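Here is how the chains run, residue by residue.
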Amino acid sequence: MDNFEPEIVAFCCHYCGYTAADMAGTRRISYPSNVKIIRVPCTGKVDAIHLMKALEKGADGVYIAACLEGDCHFKDGNLRAVAHVEKIKKTLEDLGWEPERVAMMNFSAAMGQQFAQAAEEFTEKIKALGPSPASQATSKAV
Amino acid sequence: MKTESRLEKVLASGQLAVTSEVGPPRGCNIDIVKEKANMIKDHVDGINITDNQTAMVRMSSIAAGVALKQMGLDPIIQMVSRDRNRLAMQADILGAYALGCNTMLCLSGDHPQFGDHPMAKPVYDIDSINMIKMVKDMRDEAKFQGGADITEPPKMFIGAAANPFADPFELRVMRLAKKVAAGVDFIQTQCIFNTAKFEEWMKQVVDRGLDEKVAILAGITPMKSLGMAKYMKSKVPGMDIPDEVIDRLAGVDKDKQAEEGIKMAIEQMQRLKECKGVKGFHIMAIEWEEKVPELVEGAGLSPRPKV
Amino acid sequence: MITAEQKPLQEILGYIAPYEKILVVGCNECVTVCAAGGRKEVGLLSSAIRLNSAKAGKKIEVLEHTLERQCDPEYVDQLAELAGQVDAVVSLACGCGIQTVASQYPIPVFPGVNTKFMGASESQGIWAERCMGCGDCMLGITGGICPIARCSKSIMNGPCGGSVNGKCEISPDVDCAWQLIWDRLVELGLQDRYEELVAAKDWRPAGGGGPRKIIREDLASSKIITEDNA
């Protein structure tokens, strides 16, 4: 367990979350390679099922990186995303999973540093939680 | 006379009537009912027995009423449409009348949500207005609500409630008119604290001539304390308590508030005795039955007429 | 439409605990609109069941399917092949759909939702009761607002004494239906109608006469249908 390297999926919106990640890259601020980024046009497009599917397929943690509240390029896509995250947290709680495996984050396009730091912190948190039940089941199957 | 009801006789004599009420216990001790009734019996023409008041289970109104009847008193049975469908209502009306109860009050009843059985299925088969009509048809047409004949019909003197303070105000007289059209004989109003607003309502009642068709008993509740007044103002739905009532109670020492409350109720009755259309009073002294004689005497309504 | 809400997950998981292969069936009609049992919710519930089995270390296979309509035998027929492969079904349709599925397949069919009421959408994500299906519509005399469904006491001649500031005595969040009716009658200039006594309701069409059924001879007759098609 000591050398557990979690799989983390981050849904990042094209305008802010993804640009912040890009900024971290161009400024050579490193963040853990555990975080796999999926670029979406707007986090409003990320449905609850996408979070669930990521967990089902073995992700140990999932988060959404959206624009700052009030700054969504599509008005209120990030608020829809929050609602989905809250819903899935509740589902995980009902199932006896740690709801902390799902998170909502907000960045502006200029927040490369903060993006990297948040990725680092989230990875540490998931490391502390250990592998998710589904990823354990998946690795057993392999 | 439509019935043998003492209340009807008092009203027919042209004198102001006085009724009061007793809440049955949440247990089987009938002596509680008898004791409360004994405190007030010489000062009233009829004693209401509440029916699962505020949707809390209590001893049956009819059972407690029969106990009063056996003491030679005049119970007014309350019946709410919340707990019985029309079969159960009519069965209970036949039974109550057979055992000597000849006066009743038709109510819809507080929603179960308020009481100690919020999980109960509310019945509300018919509303209070259709209940009035049902009891009237039982009495005057000797017909059950379903249309069949009654061989020995119950001759109930029929009462109902009116709340002049509920909303919308403009409907309050119109709804009374519907109760009159349905056949109600007497009305006991909600507790009156806003006397001016009551008088305004009463004026509209008189303007429509409804006071000629139904006897209106003004609802009187003495305030026991400032705390009670504040509680009723903020917590009890449909209650209109003006600031002057609060201010007057607040203006006296705490240990004098009860006395002030009684004084206020007596003054109110004296004022309303002059109000056209008021045919009497219904005194609701909540857990304070022992004060009813003082109130009745204070208002100059004692002794009660022998009819 | 008919509204529904998903049951607590643990209740559903309790039903299916003994089984290894199940089918979650959604419905494309009302429960899709109220986001309780459409294709999306079928996916989410199936996913949750899989996450649960991962945690429990138990193998369970979940098939997913959403029908156009679950309350019509013709559509439910389409489940034949899938139903043949599973031990049990979780239906996310209203009670009508669940029973139609149960009547057609000899395997356990469990409800995944609680069917609530016939309601309309007030705004996104909010549905409110509007009709109780009393079988004898009185909207024509109450200004288009139903006292049966919307008055807490289903009073025919309201409002009761508990109406305050346009709200019902049971909660400041509930509108007094009779205040709404009165306001509407005033708006329509039909105030005079208020004082007509509305008779005690005959509850037979509302279900008091036993389970209800509609038979439309013109549609039920196979002869006519054949002629129309010809």
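Residues numbered from 1 in each chain as written. Chains lettered and ligands numbered in written order. Predicted model: local features only at pLDDT ≥ 70, side-chain atom pairs only at ≥ 80, totals over all residues. Heavy atoms only, no water.

## Things to note about the interface of chain B and chain C
The parts lose accessible area when they come together, and the size of an interface is often stated as this lost area.
Link 1 in the chain: The partner chain C presents 26 residues to the 30 residues of chain B that form the contact.
Link 2 in the chain: Buried surface at the junction of chain B and chain C, both sides included, amounts to about 2,400 Å², of which 55% is carbon and sulfur.
Link 3 in the chain: Where chain B touches chain C, the interface holds 1 salt bridge.
Link 4 in the chain: With a closest N to O distance of 2.5 Å, C:Glu195 and B:Arg208 form a salt bridge.
Link 5 in the chain: One can count 19 residue pairs in polar contact (both at pLDDT 80 or more) joining chain B with chain C.
Link 6 in the chain: Broken down by secondary-structure element, the contributors of at least two residues to the side of chain B that touches chain C are α5 (128-141) and α6 (169-182) of chain B.
Link 7 in the chain: At 9 residues, the largest contribution of residues to the side of chain B that touches chain C is made by α6(B). (Contact = heavy atoms within 4.5 Å. Buried area = accessible area lost by both parts, 1.4 Å probe. Salt bridge = Lys/Arg side-chain N within 4 Å of Asp/Glu carboxyl O. Polar contact = N/O pair within 3.5 Å; in protein donor to acceptor, adjacent residues only side chain to side chain. Helix = DSSP H or I, 4+ residues; strand = E, 2+ residues; numbered from the N terminus.)

## A closer look at the nonpolar core
The tendency in soluble globular proteins is for nonpolar side chains to be buried side by side.
Link 1 in the chain: Ranked by size, the top nonpolar core spans 71 residues in total, and within it B:Ile47, B:Phe198, B:Trp201 and B:Met202 carry the most contacts.
Link 2 in the chain: In this structure B:Ile47 touches B:Ser20, B:Glu21, B:Val22, B:Ala37, B:Ile40, B:Leu68, B:Leu73, B:Asp74, B:Pro75 and B:Ile76, once residues within four positions along its chain are discounted.
Link 3 in the chain: With 49 residues, the next largest nonpolar core counts A:Ile64, A:Leu92, C:Ile22 and C:Ile60 among its residues. (Core = buried A, V, L, I, M, F, W, Y, C linked by side-chain atoms within 4.5 Å. Buried < 20%, exposed > 50% of the residue type's maximum accessible area, 1.4 Å probe, protein only.)

## A look at the packing of aromatic side chains
Link 1 in the chain: A full pass over the atoms with the stated rule returns 10 aromatic pairs over all chains.
Link 2 in the chain: On the basis of an interplanar angle of 20° and a centroid distance of 5.4 Å, the ring pair of B:Phe157 and B:Phe186 is categorised as stacked. Taken together, the positions of B:Phe157 in strand β5 (residues 157-162) and B:Phe186 in strand β6 (residues 186-191) put the pair 29 residues apart, joining distant regions of the chain.
Link 3 in the chain: By relative accessible area, which is 4% here, B:Phe157 ends up buried.
Link 4 in the chain: An angle of 5° between the planes, with centres 5.1 Å apart, marks the rings of C:Tyr15 and C:Phe110 as stacked. With a gap of 95 residues between them, C:Tyr15 in helix α1 (residues 9-16) and C:Phe110 in strand β5 (residues 109-111) connect regions that are remote in the sequence.
Link 5 in the chain: The class for C:Phe110 is buried, based on a relative accessible area of 15%.
Link 6 in the chain: Each residue in the set A:Tyr31, A:Phe107 and A:Phe115 is aromatic and connected to the rest through ring pairs, giving one cluster.
Link 7 in the chain: Sitting above the plane of the A:Tyr18 ring, A:Arg39 keeps its charged end 4.7 Å from the centroid.
Link 8 in the chain: Across the ring face of C:Tyr194, the terminal group of B:Lys178 is positioned such that the distance to the ring centre comes to 4.4 Å. (Phe/Tyr/Trp six-rings, centres within 6.5 Å; stacked < 30°, edge-to-face > 60°. Lys NZ or Arg CZ within 6 Å of the ring centre and 35° of its normal.)

## With respect to the interface of chain A and chain C
Link 1 in the chain: The partner chain C presents 15 residues to the 19 residues of chain A that form the contact.
Link 2 in the chain: Overall, the association of chain A and chain C removes approximately 1,300 Å² of surface from exposure, summing both partners, and the carbon and sulfur fraction of that is 66%.
Link 3 in the chain: Across the chain A-chain C interface, the total number found is 2 salt bridges.
Link 4 in the chain: Two residues, C:Arg50 and A:Glu56, come together in a salt bridge whose shortest N-O distance is 3.2 Å.
Link 5 in the chain: Sort the elements by how many residues they give to the side of chain A that touches chain C and helix α3 (residues 77-95) of chain A lands first, with 7 residues.

## Digging into the side chain of B:Arg86
Link 1 in the chain: Mapped onto the elements, B:Arg86 comes out in helix α4 (residues 86-98).
Link 2 in the chain: By relative accessible area, B:Arg86 is classed as buried at 14%.
Link 3 in the chain: A distance of 2.7 Å separates polar atoms of two side chains, one belonging to B:Arg86 and the other to B:Asp125.
Link 4 in the chain: Looking at B:Arg86, its side chain comes within polar contact range of the main-chain oxygen of C:Lys201, at 2.6 Å.

## Looking at the sheet that holds β6(B)
Residue and element names in this part refer to chain B.
Link 1 in the chain: Read once around its circumference, the closed barrel built from 8 strands follows the order β1-β2-β3-β4-β5-β6-β7-β8, with strand pairing classed as parallel. Mean inter-strand twist for the sheet, computed between neighbouring axes without regard to direction, equals 30°.
Link 2 in the chain: Across 4 bridges, strand β1 (residues 17-22) lies against strand β8 (residues 278-283) in parallel orientation. Residue Ala-17 lies in a different strand from β8, and its bridge partner there is Gly-280.
Link 3 in the chain: In the packing of helix α2 (residues 30-40) onto the sheet, contacts are made with β1 and β2 (46-49), and the angle to β1 comes to roughly 155°.
Link 4 in the chain: Relative to the sheet, helix α3 (residues 61-70) contacts β2 and β3 (75-80), its axis offset from that of β3 by approximately 175°. (Pairing = 2+ DSSP bridges. Axes fitted to C-alpha atoms, helices over the stretch in contact; angles between N-to-C directions.)

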